[in-house]
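Structural description and commentary
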Amino acid sequence: METKRRTVDNDVNNELIYSQAVDMLRAGEVVAFPTETVYGLGAIATNEKAVAKIFKAKGRPSDNPLIVHIGTKEAAETYVDFISQKAQTCMDVFWPGPLTLILQAKPNMFASNVTAGLQTVGLRMPDHPVALRLLQLVNQPIAAPSANRSGKPSPTTALHVEKDLAGHIPLIIDGGATGLGLESSVVDFTVDPPVILRPGGVTAQMLRDLIGDIIEPDTLQVDDANIPKAPGMKYAHYAPNAPVYLIKSDIHSVNKAVKEIQDKGQTVALLAPDIFKVASSNWFFSFGDSTNLENSAKVLYAHLRACDETSADIILVTVPDSSGVGAAIINRLEKASTGEWWQS
Ligand code: TXA
Ligand code: MG
């Protein structure tokens, strides 16, 4: 299959690109598009065969449900049984934006492979002009996971999508680099207090300030039936080819680790804030200013992917403070490294 990448900008030809995308989606095809978090790979959420193409293109395990994207806040009540006051308040304040709410799905509302057999669904209204335009034109809910091969870092540019999925999908709408760079926060509102299943741009503190008590587990949540509550979180994720090790944000520890690796005749890529540039790693990918965690979030996946373009044997990543978006960064780093810290 030939994969077309089409750039949407302020050009008049945009309408043609959107209408092609809409035609493809309506014909049961998949289309990659930008959101404010990462690129998504979308299919119409009521079309089982179309949704199956998402799983196939990504190589995604079928027990991992997809997030359903909607174009208006009002559309939510069409698809779910009950919206609590807390859930409604969060939609009112954070939508459009990087917050996915897990709610009770109305029976038979979506193709069964969207929810992976669960009674619940993750709903989100993305805050990106291209995603919103596409949703408005299609006028149907779009199921969309991140547009990467399963296990790889999520794509923050159309080129990342092309690298992973060329030949497997017909169209990528290129809207430039995404904003946040990490996937949405996933919060389970079927329980009270709500539980953060995946930290993201809408932080625990932002939620607490608005609706009070929030549970922020630091381990996987497994319910009575032994089904992980965010099924996706149990799989290896965001992983470049070389092994990733976490290290504390301390120049002496980093220098020591770099030396140990190189003394063994191995090479190392270091992902760290600017102040670590003095370390003698073989490759250095900067997070920028160490106090600007938003910037670290924005560049993290591109840097992890860039490591695959090097011949580094080992990747070292400094771990930020857990405040604000730091919690989401740490969560992704723990997955990328399967939780391993560098041991001197
Ligand atoms: O920012 C994002 O959320 C991006 C963009 C494209 O919108 N999408 C995304 O989708 O990250 P994906 O499929 O890569 O991650 C969805 C996560 C998975 O961990 C999945 O297990 C969880 O949400 N999830 C989806 N539906 C769920 C449900 N009904 N109950 C619990 N977890 C759910
Ligand atoms: Mg993903």
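In this text, all values refer to a predicted model and were calculated from it rather than measured experimentally. (Residues numbered from 1 in each chain as written. Chains lettered and ligands numbered in written order. Predicted model: local features only at pLDDT ≥ 70, side-chain atom pairs only at ≥ 80, totals over all residues. Heavy atoms only, no water.)

**Some words on the pattern of salt bridges**
Pairs may arise between side chains of opposite charge once their charged atoms sit close together. This structure, assessed with the given rule, holds 14 salt bridges. Where Lys 53 meets Glu 29, a salt bridge forms, and the shortest distance between an N and an O atom there is 3.1 Å. Here Lys 53 is found in helix α2 (residues 48–58), whereas its partner Glu 29 is found in the loop between α1 (14–26) and β2 (31–33), with 24 residues between them in sequence. When its relative accessible area of 34% is taken as the criterion, Lys 53 is described as partly exposed. In this structure, Lys 259 and Asp 263 form a salt bridge, with 2.9 Å as the shortest nitrogen-oxygen distance. Placement of both Lys 259 and Asp 263 in helix α9 (residues 251–263) is noted, with a separation of 4 residues, approximately one turn of the helix. What emerges from the salt-bridge pattern is a single network uniting Arg 5, Glu 162 and Asp 174. (Salt bridge = Lys/Arg side-chain N within 4 Å of Asp/Glu carboxyl O. Helix = DSSP H or I, 4+ residues; strand = E, 2+ residues; numbered from the N terminus. Buried < 20%, exposed > 50% of the residue type's maximum accessible area, 1.4 Å probe, protein only.)

**Some words on the side chain of Ser 154**
Among the secondary structure elements, Ser 154 is positioned in the loop between β7 (142–143) and α7 (158–165). For Ser 154, the residues in contact, after removing those within four places along its chain, are Val 38, Ser 146, Asn 148, Glu 183, Tyr 238, Tyr 301 and Arg 305. (Contact = heavy atoms within 4.5 Å.)

**Topic: the sheet that holds strand β11 (residues 244–248)**
With respect to topology, 4 strands assemble into an open sheet ordered β11-β14-β12-β13, the strand pairing being parallel. Edge strands, defined here as strands with exactly one partner in the open sheet, are β11 and β13 (283–286). Averaged over all pairs of adjacent strands, the angle between strand axes in this sheet comes to 25°, irrespective of strand direction. Pairing analysis gives 4 bridges linking strand β12 (residues 268–272) to β13, with the strands arranged parallel. Each bridged residue has a counterpart across the sheet, and for Leu 270 the counterpart in β13 is Phe 284. (Pairing = 2+ DSSP bridges. Axes fitted to C-alpha atoms, helices over the stretch in contact; angles between N-to-C directions.)

**Remarks on the layout of surface pockets**
Within this model, the second largest pocket holds a volume of roughly 210 Å³. Contributing to the lining of the second largest pocket are 13 residues, with Ala 105, Lys 106, Pro 107, Asn 108 and Leu 118 lying nearest its centre. Split into classes, the residues belonging to the lining of the second largest pocket amount to 6 nonpolar, 5 polar and 2 charged. (1 Å grid on protein atoms, 1.4 Å probe; cavity = no way out; pocket = protein on both sides within 12 Å on 5 of 7 lines; lining within 4 Å. Points joined across faces, edges and corners; volume = space filled by probe spheres on them. Nonpolar A, V, L, I, M, F, W, Y, C, P; charged D, E, K, R; others polar.)

**Comments concerning the side chain of Arg 305**
As for its position among the elements, Arg 305 is in helix α10 (residues 293–307). Discounting chain neighbours no more than four positions away, the residues touching Arg 305 are Asn 148, Lys 152, Pro 153, Ser 154, Pro 155, His 160 and Asp 164.

**Regarding the sheet that holds strand β3 (residues 40–44)**
As summarised here, the arrangement of the 10 strands in space is β1-β8-β2-β3-β7-β4-β6-β5-β9-β10, forming an open sheet in which the pairing is mixed. Looking at the sheet topology across the chains shown, the edges are occupied by β1 (4–7) and β10 (195–198). Note that β2 and β3 share 3 bridges and pair antiparallel. The residue bridging Phe 33 from the neighbouring strand is Gly 40, located in β3.

**Brief notes about the packing of aromatic side chains**
Aromatic rings considered in pairs are described by the distance between their centres and by the relative angle of their planes. One pass over the full model with this rule turns up 3 aromatic pairs. An angle of 20° between the planes, with centres 5.3 Å apart, marks the rings of Tyr 238 and Tyr 301 as stacked. Of the two residues, Tyr 238 is situated in the loop between α8 (204–211) and β11 and Tyr 301 in helix α10; the sequence distance between them amounts to 63 residues. Of the two residues, Tyr 238 and Tyr 301, both sit in the buried class. Ring plane angle 90° and centroid distance 5.3 Å describe the contact between Tyr 245 and Trp 342, whose orientation is recorded as edge-to-face. Placement of the pair is Tyr 245 in strand β11 and Trp 342 in the segment after α11 (326–336), with a sequence separation of 97 residues. (Phe/Tyr/Trp six-rings, centres within 6.5 Å; stacked < 30°, edge-to-face > 60°.)

**A word on the environment of Ser 322**
Looking at the element boundaries, Ser 322 is found in the loop between β14 (314–319) and α11. With 14 residues separating them in the primary sequence, Ser 322 and Asp 308 have C-alpha atoms 27 Å apart. With near-sequence residues (within four places) excluded, Ser 322 lies in contact with Ala 327 and Ile 330.

**Digging into helix α6 (residues 129–138)**
The α-helix advances 3.6 residues per turn, and as a result positions three or four apart in sequence lie on the same side. Of all the positions in α6, only Val 130, Ala 131, Leu 132, Leu 134, Leu 135 and Val 138 are classed as buried. Structurally, α6 contributes buried residues whose contacts are with α1, β2, β3, β4 (67–69), β7 and β8 (171–174).

**Observations regarding the confidence of the model for the chain**
Per-residue confidence for the chain gives a mean pLDDT of 93, with 94% of residues at or over 70. Predicted confidence for residues 219–228 stays below pLDDT 50, and this span has 13 contacts to residues more than four positions away or in other chains. (pLDDT = per-residue confidence, 0-100.)

**Observations regarding the packing of α10 against α11**
Where α10 meets α11, the axes come as close as 9 Å, and the angle between the chain directions of the two elements is 20°. On the basis of the axis angle, α10 is roughly parallel to α11. Where α10 crosses over α11, the two elements pack in a sense that is left-handed. Across the interface between the two elements, Leu 293, Ser 296, Ala 297, Leu 300, Tyr 301 and Leu 304 from α10 touch Gly 326, Ile 329, Arg 332, Leu 333 and Ala 336 from α11. Across the contact of α10 with α11, the residue classes break down as 8 nonpolar, 2 polar and 1 charged. (Parallel < 35°, antiparallel > 145°, perpendicular 65-115°, else oblique. Left-handed = near helix turned anticlockwise from the far one by under 90°.)

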